[in-house]
Amino acid sequence: MSVWVDLQGQGPVVEQLRRAAQSSGPTHAWLITGPPGSGRSNAAVAFAAALVCEREQLAERGCGVCKACHTTLAGTNADVTFIATEKTTITIEEARELVRKAHDSPSSSRWRVMIVGDADRMAERTTNVLLKAIEEPPPRTIWVLCAPSPADVLVTIRSRCRTLTLRVPPVEDVAALLVRRDGIEPELALHAARAAQSHIGIARRLASDAGARERRDAIVHLPLTLRDVTAAVRAAGSLLELAQAEAASSNEERDIAEKAKLLLSLGAPETGTLPPPMRAQVRALEEDQKRRSKRSVTDQLDRALTDLLSFYRDVLVLQLAANGGTGVEHPSSAPGPGSTAELVNEPLRSALSDFASRGRPEATLARMDAINSVRRRLTTTNVSPLLALEAMAVSLL
């Protein structure tokens, strides 16, 4: 057992972090990048646990069994601060509080570790608040920033960090993790890992929630229903409803657990009216949950569009395979003549093959570009989601 056990398919990065945790003077600022689902935050937390591990033997740091490792992985270690947001941005006030905490001496560990889980969600002004603290941190403080790519972080911050890049783990590794850690049946685990395109968190949800699997299946079937403009408009509405349903489902259980935890920590009575100070804290939590819910719909809509993209990705793979992998330049590796194309949506192979046979790779790429364009608009502008989806669906005809 070690803190690194859940970082599937990330051997080179794990080795670098392990060596740093075992050294007497690790780099003071790190930037961990990688695509969604690659495990950026998990890597940052595992690194923090190894840094504060209680084991004296260097080779044993990151043991995963000592109190420091356990509390870090549970998010309760006093010397490890983790900030992430499910809102649009990390606020400047949150950044200033991080800087203040960074100057506190470690209470019981060798290091104080400051983790920014969503460094890409900081405005330039907010990032500049952290600049001085990252450039010249206190002697026992280590910063770990996480972002999808180095380009998502200001160059002034990026140049002061040691950058490590995670890769998308192989489907088989993600499936093995679900089997080992969550007790998922191997066949279901492999199906979920492939459908999630190796996104560990989404794979776990698909494997454990039949409703989530049904909603995803409905999304990837939508292109098969696009017969005319009326059907396209109907499909756009369905896509938005499916994303909203998935967001509500994923938030409901967490919201209830958060409220119960808060009431327990406040010592609230089981029955009767809450005292005014407690009511104020509960209202503050509920307001945070409402803001998170709005962001969650946007995130789930982006995920739904990613699932929709997987349909056309499979179509493109089949078209390129039929052409012997030639005819259109594309970053996806195409199988050679006579080989079997590996599909994300394998259960749909027959329908995908039929769809692919009725079009050309150029048209498929144009449809993929239309979906990606909507993804960018939804996350960077205030466009109406339904109108944007309707326009996209019509362009897919």
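Residues numbered from 1 in each chain as written. Predicted model: local features only at pLDDT ≥ 70, side-chain atom pairs only at ≥ 80, totals over all residues. Heavy atoms only, no water.

If you check an unreviewed UniProt entry, the protein appears there as DNA polymerase III subunit delta from Arthrobacter silviterrae.

A.B. asks: I'd love a proper account of the pattern of salt bridges, names of residues and values included.
C.D. replies: Taken as a whole, this structure holds 22 salt bridges when the rule is applied. Between Asp307 and Arg216 there is a salt bridge; the shortest N-O distance is 3.3 Å. Of the two residues, Asp307 is situated in helix H12 (residues 276-322) and Arg216 in helix H10 (residues 210-221); the sequence distance between them amounts to 91 residues. Across this residue pair, the class does not change: Asp307 and Arg216 are buried. (Salt bridge = Lys/Arg side-chain N within 4 Å of Asp/Glu carboxyl O. Helix = DSSP H or I, 4+ residues; strand = E, 2+ residues; numbered from the N terminus. Buried < 20%, exposed > 50% of the residue type's maximum accessible area, 1.4 Å probe, protein only.)

A.B. asks: Quick rundown of the nonpolar core? Include the residues and the values.
C.D. replies: In terms of nonpolar packing, the biggest core is built from 38 residues, with Leu239, Leu305, Leu308, Tyr312, Ile371, Leu389 and Met392 touching the most fellow members. Going through the elements one at a time, H10, helix H11 (229-266), H12, helix H13 (349-357), helix H14 (361-380) and helix H15 (385-395) are the ones with two or more residues in this core. When residues of this core are assigned to their parent elements, the largest contribution, 12 residues, is made by H12. Once residues within four sequence positions are removed from consideration, Leu305 is found in contact with Leu239, Ile371, Val374, Arg375, Leu378, Leu389 and Met392. (Core = buried A, V, L, I, M, F, W, Y, C linked by side-chain atoms within 4.5 Å. Contact = heavy atoms within 4.5 Å.)

A.B. asks: Can you break down empty space enclosed by the protein residue by residue, with the values?
C.D. replies: Summed over all chains, the structure comprises 2 cavities of 30 Å³ or more. Reported here for the largest cavity is a volume of approximately 60 Å³. Every residue lining the largest cavity is listed: Leu222, Pro223, Leu226, Ala235, Ala236, Leu239, Leu308, Met392, Ala393 and Leu396. Contributing elements (two or more residues each) for the lining of the largest cavity: H11 and H15. Of all the elements, H11 adds the most residues to the lining of the largest cavity, at 3 residues. Size it by volume and the second largest cavity reaches roughly 40 Å³. (1 Å grid on protein atoms, 1.4 Å probe; cavity = no way out; pocket = protein on both sides within 12 Å on 5 of 7 lines; lining within 4 Å. Points joined across faces, edges and corners; volume = space filled by probe spheres on them.)

A.B. asks: An account of the packing of aromatic side chains is needed here, citing residue identities and associated values.
C.D. replies: Scanning the model with the defined rule gives 4 aromatic pairs in all. Ring geometry for Phe311 and Tyr312: centres 5.2 Å apart, planes at 75°, overall edge-to-face. Here Phe311 matches Tyr312 in class, with each residue buried. Measuring from ring centre to ring centre gives 5.2 Å for Phe311 and Phe355, while their planes differ by 85°; the resulting arrangement is edge-to-face. Remark: Phe355 occurs in helix H13 and Phe311 occurs in helix H12; sequence separation between them is 44 residues. The class of Phe311 is buried, set by a relative accessible area of 0%. Members of the aromatic cluster, each reached through a chain of ring pairs, are Phe311, Tyr312 and Phe355. (Phe/Tyr/Trp six-rings, centres within 6.5 Å; stacked < 30°, edge-to-face > 60°.)

A.B. asks: Outline the side chain of Asp79, listing residues and values.
C.D. replies: Mapping Asp79 onto the fold places it in the loop between helix H3 (67-74) and strand E2 (80-83). According to the relative accessible area criterion, Asp79 is buried, its value standing at 0%. Engagement of the side chain of Asp79 in a polar contact is seen with the backbone nitrogen of Ser107, the distance being 2.7 Å. Polar contacts involving the side chain of Asp79 include one to the main-chain amide nitrogen of Ser108, which spans 3.1 Å. (Polar contact = N/O pair within 3.5 Å; in protein donor to acceptor, adjacent residues only side chain to side chain.)

A.B. asks: I'd love a proper account of the side chain of Thr306, names of residues and values included.
C.D. replies: One can find Thr306 in helix H12. Sequence-distant contacts of Thr306, defined by excluding residues within four places in its chain, comprise Gln197 and Arg375.

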